[in-house]
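# What the coordinates show
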Amino acid sequence: MTPAVEFINVRRTFGKVVAVERVDLTLARGSFVGLIGHNGAGKSTLMKTLIGTLGPSEGQVKVCGVDVHAQPREARMHLGAVPEEPAVYEYLTAREFLTFVAEVRGGGDVEEALDFTGLGDDADRLLREYSQGMRRKTALAAAVLGKPEVLVLDESLNGLDPPSAARVKQYLRDLVDAGHTVILSTHVVDTVQAVADRVVMLAHGRVVADEQASDLGPGGLERLFLEKLAQTRDEGRR
Amino acid sequence: MSNPHRKARRLIRAHQRAERGPLLTALGVVLPLLAAFLVMPLFQPVFLHFLGKDPDGEGLFGVLVRLVLVLVGVAAIDTYGALIRSDGRGILGLLPVDAGEVAIEELRDLVRARAWLPVAAAILLLPLVPTLGWGVWAASGALAVGAWLCGLTVSAAVHLLAISAAENPSFAGILDLLRGSNPREQAAFLWAPGLALALASLPAALAAEGVRRMALGDAAAAASVALPPLVAVLALGRVPRLARSGWFRATAVLADIDARYAMVEEQEEATAAYMDWLVRFLPEGAGRYALKDLRHGWRARRSWISAMWGVGIVAGLAAWSGDPAAPTRGLALAVIGIWLTAAIGVILERDEPPFLRIWLPQHPTAQRSARWLVLFAWLQPAVWVPSAVVALRHDLSEAAVFFGATLLAAGLASAVSLGCSLLRERGLLAYGPVAAVAAAVFTLLATGGLS
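Just so we're clear, the structure is a prediction, and the values are computed from it rather than from any experiment. (Residues numbered from 1 in each chain as written. Chains lettered and ligands numbered in written order. Predicted model: local features only at pLDDT ≥ 70, side-chain atom pairs only at ≥ 80, totals over all residues.)

Secondary structure assignment for chain A yields eight helices and ten strands. On C-alpha atoms alone, chain A measures out to a radius of gyration of 18 Å, which is about the 18 Å that the 2.2 N^0.38 rule sets for 238 residues. Taken over the C-alpha atoms alone, chain A extends approximately 60 × 40 × 35 Å along its principal axes. For chain A, the residues scored as buried account for 48% of the 238 residues in total. Sequence separation of at least 24 residues holds for 68% of the intrachain contacts in chain A that already meet a minimum separation of 6. (Helix = DSSP H or I, 4+ residues; strand = E, 2+ residues; numbered from the N terminus. Rg over C-alpha atoms; globule rule 2.2 N^0.38 Å. Buried ≥ 20, exposed ≤ 12 C-beta atoms within 10 Å, placed from the backbone. Contact = placed C-beta atoms within 7 Å.)

With that settled, consider the overall build of chain B. For chain B, the helix and strand inventory stands at 19 helices and zero strands. In terms of overall size, chain B behaves like a compact globule, its C-alpha atoms giving a radius of gyration of 23 Å where 451 residues would be expected to give roughly 22 Å. Evaluated residue by residue, chain B yields a buried proportion of 45% over its 451 residues. Residue pairs in contact within chain B that sit at least 24 positions apart in sequence constitute 79% of those at least 6 positions apart.

This next bit is on the sheet that holds strand S4 (residues 58–63) of chain A. Residues and elements named next belong to chain A. The strand order across the open sheet built from four strands is S2-S1-S4-S5, with neighbouring strands paired in antiparallel fashion. One side of each edge strand has no neighbouring strand; the edge strands of this open sheet are strand S2 (17–27) and strand S5 (66–67). Taken together, the five bridges between strand S1 (residues 5–14) and S4 define a ladder with antiparallel strand orientation. By the bridge assignment, phenylalanine 7 is partnered in S4 with valine 61. (Pairing = 2+ DSSP bridges.)

What follows is about the domain arrangement of chain A. Residue and element names in this part refer to chain A. Under the domain assignment, chain A is made up of domain 1 (1–78 + 148–161 + 180–238) and domain 2 (85–147). Computed over C-alpha atoms, the centres of domain 1 and domain 2 are 26 Å apart. Each side of the interface is counted separately: domain 1 has seven residues, and domain 2 has eight residues. Tallied by class, residues from the side of domain 1 that touches domain 2 come to three nonpolar, three polar and one charged. (Domains from an automatic or database assignment. Nonpolar A, V, L, I, M, F, W, Y, C, P; charged D, E, K, R; others polar.)

All names here are of chain B. For the pair helix H2 (residues 58–84) and helix H4 (residues 99–114), interaxial distance at closest approach is 9 Å and the crossing angle is 140°. Regarding the angle of H2 to H4, the classification is oblique. Crossing of H2 over H4 shows right-handed handedness. Listed contacts from H4 to Asp78, Thr79, Ala82 and Leu83 of H2 are Ala103, Glu106, Leu107, Asp109, Leu110 and Arg114. (Axes fitted to C-alpha atoms, helices over the stretch in contact; angles between N-to-C directions. Parallel < 35°, antiparallel > 145°, perpendicular 65-115°, else oblique. Left-handed = near helix turned anticlockwise from the far one by under 90°.)

Our focus in this paragraph is the environment of B:Leu227. Residues and elements named next belong to chain B. With respect to the helices and strands, leucine 227 occurs in helix H9 (residues 227–264). For the pair leucine 227 and aspartate 78, spaced 149 residues apart in sequence, the C-alpha separation works out to 22 Å. Here leucine 227 is in contact with Pro203, Leu206 and Ala207, once residues within four sequence places are set aside.

Further remarks concern the sheet that holds strand S3 (residues 32–37) of chain A. All names here are of chain A. Spatially, the six strands line up as an open sheet ordered S6-S7-S8-S3-S9-S10, and their pairing is mixed. Two strands bound the open sheet, and with one partner strand each, they are strand S6 (79–82) and strand S10 (206–212). Between one strand and the next, the sheet's axes are offset by a mean angle of 15°, whatever the strand orientation. Sheet topology note: the S6/strand S7 (residues 150–154) ladder contains four bridges and is parallel. The residue of S7 that forms the bridge with valine 82 is leucine 153. Against the sheet, helix H5 (residues 132–144) contacts S6 and S7, and its axis sits at roughly 175° relative to S6. With respect to the sheet, helix H6 (residues 162–177) is in contact with S3, S7 and strand S8 (181–186), its orientation differing from that of S8 by roughly 140°.

Taken residue by residue, the interface counts 25 residues in chain A and 22 residues in chain B. Contributing elements (two or more residues each) for the side of chain A that touches chain B: helix H2 (72–77) and helix H3 (94–105) of chain A. For the side of chain A that touches chain B, a count of residues per class yields 15 nonpolar, five polar and five charged.

Below, the discussion takes up the nonpolar core. One broad rule of soluble globular proteins: the nonpolar side chains tend to lie buried together. All names here are of chain B. Counting 216 residues, the largest nonpolar core has Leu143, Val211, Val335 and Leu379 as its most contacted members. When residues in this core are grouped by element, the largest group, 21 residues, is from helix H6 (residues 128–167). Not counting residues within four places of it along the chain, the set of residues in contact with valine 335 comprises Thr406, Ala409, Ala439, Phe442, Thr443 and Ala446. (Core = buried A, V, L, I, M, F, W, Y, C linked by C-beta atoms within 7 Å.)

Residues and elements named next belong to chain B. What the domain assignment lists for chain B is domain 1 (4–264) and domain 2 (271–450). Placing the centre of domain 1 and that of domain 2 at their C-alpha centroids yields a distance of 27 Å. Taken together, the contact between domain 1 and domain 2 spans twelve residues of the former and 13 residues of the latter. Looking at the side of domain 1 that touches domain 2 residue by residue, the class counts come to ten nonpolar, two polar and no charged.

A word on the packing of helix H11 (residues 284–300) of chain B against helix H14 (residues 344–351) of chain B. Residues and elements named next belong to chain B. The geometry of H11 relative to H14 is characterised by a closest axis approach of 11 Å and an angle of 100° between their N-to-C directions. Comparing the axis directions of H11 and H14 gives the class roughly perpendicular. Residues Asp293, His296, Gly297 and Ala300 of H11 lie in contact with H14, whose contacting residues are Ile344, Leu348 and Asp351. Among the residues forming the contact of H11 with H14, the class breakdown is three nonpolar, two polar and two charged.

Here we take up the environment of A:Arg22. Residues and elements named next belong to chain A. Counting through the fold element by element, arginine 22 comes out in strand S2. Residue arginine 22 is classed as partly exposed on the basis of its C-beta count, with 14 C-beta atoms lying within 10 Å. Residues arginine 22 and arginine 206, spaced 184 residues apart in sequence, show a C-alpha to C-alpha distance of 7.1 Å. In this structure arginine 22 touches Asn9 and Arg11, once residues within four positions along its chain are discounted.

Overall, the predicted model of chain B reaches an average pLDDT of 89, with 97% of residues at or above 70. If you check the scores for this complex, the pTM reads 0.80 and the ipTM reads 0.92. (pLDDT = per-residue confidence, 0-100.)

On to the pairing of S8(A), then. Residue and element names in this part refer to chain A. Burial of S8 is extensive: six of the six residues sit out of reach of the surface. Of the pairings in the sheet, the one linking S3 to S8 comprises five bridges and is parallel in character. Of the residues in S8, the one forming a bridge with isoleucine 36 is threonine 186. Alignment of S7 against S8, held across five bridges, turns out to be parallel. Its bridge partner being in S8, valine 152 is matched across the sheet by isoleucine 183. For the crossover from S7 across H6 to S8, the handedness is right-handed. (Right-handed = clockwise from strand over helix to strand, strands pointing away.)

Below is the structure:
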């Protein structure tokens, strides 16, 4: 079976600045992967190359065996994504917006998506009246419609109120248990420790750690994070 | 199954109509056409002065060609906004949409939103009727509609091709030659409207020649007005396929362009803004607000503000001719440009984040006088450049009248823009017709002064 996601020797530069340096990663189906790193580590750049909003300078990114940049539409059929700053149609209600997304995706349970994000009571209000948190929930609901094989969440759990965050985490866990793959990028170590099976750590554009979350133990991820960060900083100085 | 994009857009329009209410919705349709009727008396003496003394139809041909160039130019710029830099890209770019369908829906929306444009052009041509008859006017109106549609579809095809050109290494050399200080990929988008203008103007110019011959008695020549719509249909047929191969990739190309722009922006540019030296001459209170407007306006609407130099140069070129009517034409262009650009005052107010109004102490006199001054300063190129041309090419007394008239227009337009900006979201709806009437009346009075 083809892996859910493959980053093959991905390098991304902006002029002389190297944002992502030679990343080779294969993510299996049915895994919950946490991507962590300091601010500016290259997480969002890597996530953007995965969802196709940024091309890699070198290398290839595949979703379920489909090259994201060569076959953009086919890749998006396997992919649901919530970018760091999600956009919505301001003059649609949440229900209308989700219905539109479901139609484009060729299916999806709008009521279930509204329910797990807790937007049911506000579903018939225009999205322009929504707070940032509610918009993020709407984007999350849109991303899971049709239950795509790979779900990419870029800082998407930040700013959710505790009951919503708990409900969303459980929903994502159920998706993973059903064989879907979730990739959550964040700089909040606790969030990753709470939900991920596998943790990939980026520092200065490079993968500096790739561990099973169960091997790390309580507080282990935070220690690893600080240790690797100090290590790469020292290497940078040398 | 129904087209989800069409259905969503229909819902969006319904919500927008419900929010605006029936009166404002109707005004949105009626006002541009009303403005065209109001500007018509200005258009006639300045651009249709040849009527009744045009035995070979050269005047008619000239005005039709210029009009279709403007329509195609607007269509080309609109298409860039709709297909390349559209707001919907952030939403649709993440979904497995059929890019061909998206492109067609964007064009449909554009047609719906801008349909008033060729109609307004036909209204401006109404003074042809008494001299050349309804037939020539109808053919000219059909030419305006056809050329605009041709501009939209040809430009859509060219912009979608530009995505591939931007990415294609074989175009790197030529794009580097053309790009100036812009990122290489942007060169493809910068030149696309020009290429679209050239391609779409050719059938439009041939059709204009047909209308000229029709005006001279060759009724069969009117058939040539079918040429631009025919080209439009052919170009439209290519759009879905081109969109399917390029539309998604444009997101990554744009991300590259924006990242490179951010990198080339020098440290100095991050703190300096066009005309910020003005602040030195202002009291501290007004100076603070003026600096905010100068910086925000320059960074958010730089091309609009820079376009005032374009207006100044165009008005100067129009005034350069030895024809005694040349300063009048230059003045009309300068005044129209001034009133159009002054709309930026309304937009500045609309862009103001609501929290500023809530959190910060308000000093209305300082804020308004600063904004008036900033607007007035931005409009100056349309005053000084053509005035200097009139002084050089004609005489000083005419130049003094020209200078006084344009300076007064800049002051008035800034004040009207400031007044309308108090309506915030609805400011542009008020500014449009007021500016059209004011520009028409002002130009008639001022050109009377010159002649």
